[in-house]
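# Breakdown of the fold
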Amino acid sequence: MNIKQPAVKAKQAAIQLAAVSAEMKNQALAGIAAALKDNAGAIVEANQKDLQNAAKQDLAAPLLKRLRFDQAKIKEACTGLDALIKLDDPAGQTLSAVE
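Residues numbered from 1 in each chain as written. Predicted model: local features only at pLDDT ≥ 70, side-chain atom pairs only at ≥ 80, totals over all residues. Heavy atoms only, no water.

## As for the overall build of the protein chain
Condition: Secondary structure counts use DSSP, requiring at least four H or I residues in a row for a helix and at least two E residues in a row for a strand, with both numbered from the N terminus. Note on method: radius of gyration uses C-alpha positions; expected globular size equals 2.2 Å times residues raised to 0.38. Each residue's exposure class comes from its accessible area (1.4 Å probe, protein chains only) as a fraction of the maximum for that residue type: buried when under 20%, exposed when over 50%, partly exposed otherwise. By the convention used here, residues are in contact when the closest approach between their heavy atoms is within 4.5 Å.
A tally of helices and strands in the protein chain yields five helices and zero strands. Taking 13 Å as the expected radius of gyration for a compact globule of 99 residues, we find that the protein chain reaches 18 Å, considerably beyond that expectation. For the C-alpha atoms alone, the extent of the protein chain along its principal axes is close to 55 × 35 × 25 Å. Across the 99 residues in the protein chain, those meeting the buried criterion constitute 13%. Summarising the internal contacts of the protein chain: among those between residues at least 6 apart in sequence, 63% fall at separations of at least 24.

This is the structure we're talking about:
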């Protein structure tokens, strides 16, 4: 896998996102949280299938644990998104500088 191409795309996306208003970013984050909540059942069901397939392939237990995305992890992700929305948007701000 060539890592350069995704890295270039990520950098381009970061530049574009820096120009987006904080309100729009927060609306997008809130939309992601809402979609996670609204689709939690389907997400958990699909994740169970992924876990079963991974177990059949003898994936190591720590990796299976990391793969698990259950109701608790969905709730944790939504809580994290809500906390992120409450933070000030640092885009365009100088957070520290050295002379």
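## A short note on a nonpolar patch on the surface
This is how it is decided: Here a patch means residues that are over 30% exposed by relative accessible area and free of salt bridges, tied together within 9 Å if like-charged and within 5 Å if nonpolar (Val, Leu, Ile, Met, Phe, Trp, Tyr). Using the Shrake-Rupley algorithm and a 1.4 Å probe, accessible areas are obtained, with residue cover drawn only from the displayed protein chains. We define a salt bridge as a side-chain nitrogen of Lys or Arg found within 4 Å of a carboxyl oxygen belonging to Asp or Glu.
The grouping of Leu 59, Leu 63 and Leu 67 at the surface amounts to a nonpolar patch, some 220 Å² of accessible area in total. With respect to the secondary-structure elements, Leu 59 resides in the loop between helix H3 (40-56) and helix H4 (61-67). Leu 59 sits in the partly exposed class, given a relative accessible area of 33%.

## Section: the nonpolar core
Convention followed: Buried Ala, Val, Leu, Ile, Met, Phe, Trp, Tyr and Cys residues that are joined via side-chain atoms within 4.5 Å together make up what is termed a nonpolar core.
Listed in full, the eight residues of the largest apolar core are Leu 29, Ala 33, Leu 36, Ala 40, Val 44, Ile 74, Cys 78 and Leu 81. Taken together, the elements giving at least two residues each to this core come down to helix H2 (22-38), H3 and helix H5 (71-86). Not counting residues within four places of it along the chain, the set of residues in contact with Leu 29 comprises Leu 81, Leu 84 and Ile 85.

## Let's talk about H5
Quick reminder of the rule: Helix span, as expected, comes to 1.5 Å for every residue beyond the first. In this description, one arc is meant: the one made by directions from the helix axis to the C-beta atoms.
The end-to-end C-alpha distance of H5 is 23 Å, a good match for the 22 Å that 16 residues give at a rise of 1.5 Å each. Those residues of H5 that fall on the buried side of the exposure criterion are Ile 74, Cys 78 and Leu 81. The arc that holds every buried residue of H5, seen down its axis, measures 60°, which confines them to one face. Facing away from the buried side of H5, by more than 90 degrees, are the exposed residues Ala 72, Lys 75, Glu 76 and Lys 86. In this structure, the buried residues of H5 make contact with H2 and H3.

## Structural notes on unusual backbone geometry
Of note in this structure, Asp 58 is not a glycine but carries a positive phi near 55°. In this structure Asp 58 comes out as exposed when scored by relative accessible area, which is 69%.

## Examining the side chain of Asn 47
Applicable threshold: Here a polar contact is taken to be a pair of N or O atoms separated by no more than 3.5 Å, where protein atoms must pair a possible hydrogen donor with a possible acceptor and residues adjacent in sequence count only if both atoms sit in side chains.
Of note, Asn 47 is situated in helix H3. A polar side-chain atom of Asn 47 sits 2.9 Å from the main-chain amide nitrogen of Phe 69. Contacts of Asn 47, omitting those with residues within four sequence positions, involve Leu 67, Arg 68 and Phe 69.

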